[in-house]
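# Notes for the structure review
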Amino acid sequence: MKTSRNSTRDGLKPDAYTAMQQLVIEHPQIKRTIARIDEYKEASKGSREPNCMLILGRPGVGKTTIKDLYTAKYAIEKTDTGTKVPVLSATIPVPATMMTLVTALLTKIGDPLAVKGTLHQKTLRLYRLLKECETEMILLDEFHHFIDCDSEKILNSVSNWLKNLISETKVPVTLIGLPKSLRVLFANSQLERRFSDILHISPIKYPSANNKDFKHLLKIIQEHAILKFDMDLTSEDMLPRMYAATNGYLSPLMLLVRMVTFSCKKQGKKTIELKDMAEFHHRKISAMSKGNPNLRTSRYEKNPFSLDWTPADAVKPSSKSQKPAAKRKPPMSKAEASREIREIYS
Ligand SMILES: Nc1ncnc2c1ncn2[C@@H]1O[C@H](COP(=O)(O)OP(=O)(O)OP(=O)(O)O)[C@@H](O)[C@H]1O
Ligand SMILES: [Mg+2]
């Protein structure tokens, strides 16, 4: 696993705490996803019809982090003849209209007049700029914004606009969004047929003899910690506790580590102890329960950082997540995808 740190906006060397905030762990799933986007980028070169893919994942699983890492890999380059933007990446705005989307893309590609002109003028300008900037891949995050969040209706005009963008410019698009984004593709068969692959980003699997990804992740976190942990996060005792508290999601894991570090530093502590982690977990769960008194699932019943906690107190991982990791997930067939969408909405 590799790690990377973004530099601060002003280019100064980040201090230890900032570095910890910006730590990005390139775990195997990230590497596989980046390689797959690259495959699509390469396969589309010179093609009359580019190959596009959809990346789906639940909140906090690390989708935007993947988008940012991929974009950083292909940095914007100033040349004697102009600017190269090999990968254009943007977040789909709310509300997602043809106008807001084209403006977001023009802004990201560096058009100083991004807000000027009619929809038609802006669209043609974007087509021209994509060619001039030699763009080979477009990444669009928050694809579920193509579903109106108030009415839950699919925004068909913007999805048709996207289909035309792909057809006219021949630049492949990678869409990234929540699982419900599938609905948008299924509602527009012309857009759907341009997407030959659906990739699911899942939480890191429950640690087992066959899968050490979670353990490696904790090892990296421990190595980069700016305050020493009083315990080994990868030990037989701590590993299940850490998993029970985060369910393999990067977002709560990094939040836990960062907030506990911040709080202990503020108190002038030299090490992070189990009780500091228990306190953070307790505060988080009580804050969440205030907003939702029904939040009494077994996952939250016992603090995984309390001294008397044992793995038997955790929600058992599903048998599916205990299976050894598949070598490579084949692309999802349309029949499978239809089944999946029925399950999501049943
Ligand atoms: N590989 C990683 N290394 C370190 N931290 C990560 C990594 N992936 C995710 N995180 C942490 O988890 C948080 C959520 O990640 P991210 O924004 O990528 O999730 P997401 O799937 O896009 O969530 P959402 O669906 O809510 O937009 C980030 O702020 C970051 O702190
Ligand atoms: Mg995101």
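The following refers to the structure shown. Counting of residues starts from 1 at the beginning of each chain's written sequence and follows it residue by residue. Starting at A for chains and at 1 for ligands, labels are handed out in the order in which the entities are written. Owing to the predicted nature of the model, reporting of local features is limited to residues with pLDDT of at least 70; listing and counting of side-chain atom pairs is limited to 80 or more, with chain, interface and lining totals taken over all residues. Note that water and hydrogens are dropped before the side-chain values are worked out from all heavy atoms of the structure.

### Considering the overall build of the protein chain
Where helices and strands are cited, they refer to DSSP runs of H or I of at least four residues and of E of at least two residues respectively, numbered from the N terminus. Along the protein chain, the regular secondary structure elements total 15 helices and 11 strands. The buried label applies to any residue whose accessible area, calculated with a 1.4 Å probe on protein chains only, is under 20% of its type's maximum; exposed applies above 50%, and partly exposed to all values in between. Here the protein chain holds 346 residues, and the buried ones make up 45% of them. Pairs of residues are marked as contacts when any of their non-hydrogen atoms sit within 4.5 Å. Long-range pairs, those at least 24 residues apart, make up 70% of the contacts in the protein chain with a sequence separation of at least 6.

### Observations regarding the packing of aromatic side chains
To pair, rings of Phe, Tyr and Trp, with the six-membered ring standing in for Trp, must have centres within 6.5 Å; the planes then decide the type, stacked if under 30 degrees apart, edge-to-face if over 60, and tilted in the middle. Applying the stated criterion to the full structure yields four aromatic pairs. Among the aromatic residues, those joined into a ring-pair cluster are Tyr-206, Phe-214 and Tyr-243.

### Regarding the packing of helix H5 (residues 119-132) against helix H6 (residues 156-169)
Think of two packed helices as two axes; the pair is described by the angle between the axes and how far apart they sit. Here H5 crosses H6 at 40°, and the two axes come no closer than 10 Å. Here H6 runs oblique to H5, going by the angle between their axes. The two elements H5 and H6 cross, and the hand of that crossing is right-handed. Counted together, Leu-119, Thr-123, Leu-126, Tyr-127 and Leu-130 of H5 and Trp-161, Asn-164, Leu-165, Glu-168 and Thr-169 of H6 form the full contact between these two elements. Gly is put with the polar residues, along with every residue not named as nonpolar or charged; the nonpolar set is Ala, Val, Leu, Ile, Met, Phe, Trp, Tyr, Cys and Pro, and the charged set is Asp, Glu, Lys and Arg. When its residues are assigned to classes, the contact of H5 with H6 shows six nonpolar, three polar and one charged. The axes are straight lines fitted to the C-alpha atoms, using for helices just the contacting stretch, and the angles between their N-to-C directions are given from 0 to 180°. Small angles under 35 degrees read as roughly parallel and large ones over 145 as roughly antiparallel, with 65 to 115 read as roughly perpendicular and the rest as oblique. Left-handed is the label given to a crossing in which the near helix is rotated counterclockwise from the far helix by less than a right angle, and right-handed is the label when the rotation is clockwise.

### Re the sheet that holds strand E8 (residues 173-177)
The pairing criterion is simple: DSSP has to find at least two bridges between the two strands. Read from one edge to the other, the open sheet built from five strands follows the order E6-E7-E8-E3-E9, with strand pairing classed as parallel. Here the strands that pair on one side only, and so sit at the sheet edges, are strand E6 (87-91) and strand E9 (195-201). Neighbouring strand axes in the sheet, compared pairwise and without regard to direction, differ in orientation by 15° on average. Note that strand E7 (residues 137-141) and E8 share four bridges and pair parallel. Bridge assignment links Leu-140 to a residue of E8, and that residue is Leu-175. Contacting strand E3 (52-57), E7, E8 and E9, helix H2 (residues 28-43) runs over the sheet at an angle of about 170° to E9. Along the sheet face, H6 touches E3, E7, E8 and E9 and points at about 150° away from the line of E8.

### Topic: the environment of Pro-203
Relative to the assigned elements, Pro-203 resides in the loop between E9 and helix H9 (213-224). Note on Pro-203: relative accessible area 25%, which makes it partly exposed. Residues Pro-203 and Thr-246, spaced 43 residues apart in sequence, show a C-alpha to C-alpha distance of 9.4 Å. What Pro-203 contacts, discounting residues up to four positions off in sequence, is Val-61, Asn-247, Gly-248 and Tyr-249.

### Quick notes on the packing of helix H4 (residues 98-109) against H5
Interhelical geometry of H4 versus H5 gives an angle of 35° and a closest axis separation of 10 Å. Of the two possible hands of crossing, H4 and H5 adopt the one that is left-handed. Each of Met-98, Met-99, Val-102, Thr-103, Leu-105, Leu-106 and Ile-109 in H4 lies in contact with H5, whose residues at this interface are Leu-119, Lys-122, Thr-123, Arg-125, Leu-126, Leu-129 and Leu-130. For the contact of H4 with H5, the residue count by class is 10 nonpolar, two polar and two charged.

### Here's the deal with unusual backbone geometry
A cis geometry characterises the amide bond from Val-94 onward to Pro-95, with omega recorded as -5°. With phi around 65°, Glu-152 is a residue other than glycine that occupies positive phi space. On the secondary structure map, Glu-152 appears in the loop between E7 and H6. Since its relative accessible area comes to 35%, Glu-152 is described here as partly exposed. Unusually for a residue other than glycine, Asn-247 sits at a positive phi of about 55°. Topologically, Asn-247 is positioned in the loop between helix H10 (238-246) and helix H11 (250-266). Residue classification places Asn-247 among the partly exposed positions, given a relative accessible area of 31%.

### Some remarks on the site of ligand 1
Distances are taken per atom, and a residue is near a molecule or strand as soon as one of its heavy atoms is within 4 Å of it. The local shell around ligand 1 holds 19 residues, among which Ile-25, Lys-63, Thr-64, Thr-65 and Arg-258 are the closest. Between Gly-60 and ligand 1, the recorded distance is 2.9 Å, taken from a backbone N or O atom to an oxygen atom. What qualifies as a polar contact is a pair of N or O atoms within 3.5 Å, subject to a donor-acceptor requirement within protein and to the restriction that residues adjacent in sequence count only when both atoms come from side chains. Lys-63 has a polar side-chain atom sitting 2.6 Å from an oxygen atom of ligand 1. For accessible areas, the Shrake-Rupley method is used with a probe of radius 1.4 Å. Any residue's cover is judged against the shown protein chains and nothing else. Within the complex, the protein chains bury 77% of what would otherwise be the 620 Å² of accessible surface of ligand 1. Those elements that place two or more of their residues in the shell around ligand 1 are strand E2 (23-26), helix H3 (63-73) and H11. Residue contributions to the shell around ligand 1 peak at four residues, all from H11. Classifying every residue of the shell around ligand 1 by side-chain character gives nine nonpolar, six polar and four charged. These domain limits were set by an automatic method or by a database of domain assignments. Each of two domains, domain 1 (28-201) and domain 2 (210-292), supplies a minimum of three residues to the shell around ligand 1.

### Section: the pattern of salt bridges
By convention in these notes, a salt bridge is any Lys or Arg side-chain nitrogen within 4 Å of a carboxyl oxygen on Asp or Glu. Taken as a whole, this structure holds 19 salt bridges when the rule is applied. Glu-152 serves as the salt-bridge partner of Lys-180, at 3.7 Å between the closest nitrogen and oxygen. Here Lys-180 is found in the loop between E8 and helix H7 (182-186), whereas its partner Glu-152 is found in the loop between E7 and H6, with 28 residues between them in sequence.

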